[in-house]
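For reference, the chains in residue letters:
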Amino acid sequence: QVQLVESGGGLVQPGGSLRLSCAASGSIFSVGAMGWYRQAPGKQRELVVTIANDYSTNYADSVKGRFTISRDNAKPVVHLQMDSLKFEDTAVYYCHSYIRTGRLSAIAEYWGQGTQVTVAS
């Protein structure tokens, strides 16, 4: 089965940087849009940023100018470079991707397990 495995989370001081990575594995025929979402305790999961196959992006206003998403369509991998981190960026970050597992298969949504990002002094 398809899995999204995230890495790169951790503890960082305000103003610091982290780079998250997400790699899809399993039976993958093609990959559609990918993105990152985050969820803090007691809050709804929210969009951080998405990136389409044409590399167009959609960033949440709260991260514009600080976070950068990237992908390589030749590989089922997406990254999130997070700079100038703030306390309010603390959350579990989830990788998301649309993936088709076969030429005749319908595209489906997949989520990673999440990786904790904590911004604290």
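Notes on the structure in this doc start here. Predicted model only: the values in this text are computed from it and were never measured.

### A few points about the overall build of the chain
Okay, so step 1: Across its full length, the chain holds zero helices and eleven strands.
Okay, so step 2: Walking the chain from its N terminus toward its C terminus, one meets helices and strands in the order β-β-β-β-β-β-β-β-β-β-β.
Okay, so step 3: Its C-alpha atoms give the chain a radius of gyration of 14 Å, within 12% of the compact-globule value 14 Å for 121 residues.
Okay, so step 4: For the C-alpha atoms alone, the extent of the chain along its principal axes is close to 50 × 25 × 20 Å.
Okay, so step 5: Burial statistics for the chain: of 121 residues in total, 40% are counted as buried.
Okay, so step 6: Sequence separation of 24 or more characterises 56% of the internal contacts of the chain that already satisfy a separation of 6 or more.
Okay, so step 7: Only carbon and sulfur atoms are counted for the fraction: they give 49% of the accessible area of the chain, which is about 6400 Å².
Okay, so step 8: Within the chain, the 9 negative side-chain charges are centred at a point lying 4 Å from the centre of the 11 positive side-chain charges.

### Notes on the pattern of salt bridges
Okay, so step 1: Per the stated rule, a full pass over the model turns up four salt bridges.
Okay, so step 2: Here the salt bridges share partners, and the residues they tie into one network are R38, E46, R66 and D89.

### A few points about the nonpolar core
Okay, so step 1: Counting 29 residues, the largest nonpolar core has W36, L80, M82 and Y93 as its most contacted members.
Okay, so step 2: Elements with a contribution of two residues or more to this core: β3 (18-25), β4 (30-39), β5 (46-51), β7 (67-72), β8 (77-82), β9 (91-100) and β11 (115-119).
Okay, so step 3: Leave out the neighbours within four places in its chain, and Y93 touches E6, L20, W36, Y37, R38, V48, F67, L80, M82, G114, T115 and V117.

Reading the values: rules and limits
- Residues numbered from 1 in each chain as written.
- Predicted model: local features only at pLDDT ≥ 70, side-chain atom pairs only at ≥ 80, totals over all residues.
- Heavy atoms only, no water.
- Helix = DSSP H or I, 4+ residues; strand = E, 2+ residues; numbered from the N terminus.
- Rg over C-alpha atoms; globule rule 2.2 N^0.38 Å.
- Buried < 20%, exposed > 50% of the residue type's maximum accessible area, 1.4 Å probe, protein only.
- Contact = heavy atoms within 4.5 Å.
- Areas by Shrake-Rupley, 256 points an atom, 1.4 Å probe, with all protein chains shown as cover.
- Lys, Arg positive; Asp, Glu negative; His and termini not counted.
- Charge placed at Lys NZ, Arg CZ, Asp CG, Glu CD.
- Salt bridge = Lys/Arg side-chain N within 4 Å of Asp/Glu carboxyl O.
- Core = buried A, V, L, I, M, F, W, Y, C linked by side-chain atoms within 4.5 Å.

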